[in-house]
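This is what each chain is made of:
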Amino acid sequence: MRAVIKLLKAHFARLKFNKFFWVCVLGAFAVGLTVVFTFYHSLVKYGSSASADAAMMLYTGAIGFVGAVIVSLFLGTEYSDGTLRNKIITGSRRTDIYISSLIVSIAATAAICAAYLLPVFALGIPLLGGFVLDGKSIALYLVGSLALLLAFCSIFTAVSMSVHNKTISSVASIVGVMFVFFLCTYLLNRLGEPEFIDKVVSYDPVTEEIVTETVRNASYIGGGARTFVLFLLDFLPSGQSILYMIGTATHLWQMPLYSLLIAVAATAGGILYFRKKDIR
């Protein structure tokens, strides 16, 4: 444990002077302010139903992208600068190195998310009239988003600690999260397809009479396939981030458990591989 704490001190000392990290923190804070005032302007001018709930959960859609960038770049520098190799040479255990890297990755990503939430809670609640959801639901959403953050950071840490090339690990993490995010968006749109649609059978140009019949929609996902897709959206971190973001998450107890399961699996696999990896 002392070894992990010692490594963490070195990590946080480096994070403290990392300009990119602070740019991300300030950027997240600015985005939070912008969202609150945009929602408030829409509420005052158009009487929209903008709420603090919607503003609060918007950040979940960006957790994966933020985590992919900050984790891969921060940990990738350890390889490129030779810091990681020096730690091993000086006697640090690989498991301790991995765990400390995971903790600082979670802390850095959480700090950026907190920077977004700060203006949302400080200004969003009084300006937008509080939350629509009850306290229990809000707590479950926040716990779920935290578990989601752990899952994403665990995956990106495993990638970054397994690939010595910073560019490759960064591209792999960013492209990977983008692909799964858009895949989940596509699947969610497919689930929104109606089971039946009206099809034009005939059209009389003289009378302009249109005859239609109701047919089954070929794009509709039903049966076991629908059950499987719903499970994928609940299970995959990118699917969860979308459901939280748009406020349609229903399995608020199961989803954090899925995230923790992914975090444990990614961490266990990452540690096993890192312990055997040839560090250049």
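Just so we're clear, the structure is a prediction, and the values are computed from it rather than from any experiment.

Caption draft 1: A look at the packing of helix H1 (residues 2-16) against helix H6 (residues 94-128). Following both chains from N to C, one finds H1 and H6 inclined at 40°, their axes separated by 9 Å at the closest point. By the angle class used here, H1 and H6 are oblique. Pair H1 / H6 crosses with right-handed handedness. Taken together, the residues of H6 that come into contact with H1 (itself represented by Ala3, Val4, Leu7, Leu8, His11, Phe12 and Leu15) are Asp96, Ile97, Ile99, Ser100, Ser101, Ile103, Val104, Ala107 and Ala108. Along the lines of polarity and charge, the residues of the contact of H1 with H6 split into 12 nonpolar, three polar and one charged.

Caption draft 2: Spotlight on the nonpolar core. Core analysis: the biggest nonpolar cluster contains 61 residues, and Tyr244 and Phe274 have the highest contact counts within it. Per-element tally for this core: the top contributor is H6, with 13 residues. If we skip the residues at most four places from it in the chain, phenylalanine 274 touches Tyr79, Leu84, Arg94, Ile97, Tyr98, Met161 and Ile279.

Caption draft 3: Structural detail: the state of the cysteines. Going through the model one piece at a time under the given rule, you end up with zero disulfides. Here cysteine 113 stays unpaired: no disulfide links it, and the sulfur of cysteine 153, its closest cysteine neighbor, is 8.0 Å away. Residue classification places cysteine 113 among the buried positions, given a relative accessible area of 8%. A relative accessible area of 0% means that cysteine 153 is categorised as buried.

Caption draft 4: Focus on the side chain of serine 145. Relative to the assigned elements, serine 145 resides in helix H7 (residues 135-162). Ignoring anything within four residues of it in the chain, the contact list for serine 145 reads Met57, Tyr59, Thr60, Ile63 and Tyr244.

Caption draft 5: Just H1, in detail. For H1, with 15 residues, the first-to-last C-alpha span of 21 Å sits near the 21 Å given by 1.5 Å per residue. Those residues of H1 lying buried are Val4, Leu7, Leu8, His11 and Leu15. For H1, the angular spread of buried residues about the axis comes to 105°, placing them on one side. Exposed and oriented more than 90 degrees from the buried face of H1 are Arg2, Lys6, Lys9 and Lys16.

Caption draft 6: Main features of the confidence of the model for the protein. Taken over all residues, the pLDDT of the protein has a mean of 86, while the share at 70 or more is 93%. The secondary-structure element of the protein with the lowest mean pLDDT is strand S1 (residues 196-204), recorded at 67, while helix H11 (residues 254-276) shows the highest, at 94.

What counts and what doesn't
- Residues numbered from 1 in each chain as written.
- Predicted model: local features only at pLDDT ≥ 70, side-chain atom pairs only at ≥ 80, totals over all residues.
- Heavy atoms only, no water.
- Axes fitted to C-alpha atoms, helices over the stretch in contact; angles between N-to-C directions.
- Helix = DSSP H or I, 4+ residues; strand = E, 2+ residues; numbered from the N terminus.
- Parallel < 35°, antiparallel > 145°, perpendicular 65-115°, else oblique.
- Left-handed = near helix turned anticlockwise from the far one by under 90°.
- Contact = heavy atoms within 4.5 Å.
- Nonpolar A, V, L, I, M, F, W, Y, C, P; charged D, E, K, R; others polar.
- Core = buried A, V, L, I, M, F, W, Y, C linked by side-chain atoms within 4.5 Å.
- Buried < 20%, exposed > 50% of the residue type's maximum accessible area, 1.4 Å probe, protein only.
- Disulfide = S-S within 2.5 Å.
- Expected span 1.5 Å × (residues − 1).
- Arc of directions from axis to C-beta.
- pLDDT = per-residue confidence, 0-100.

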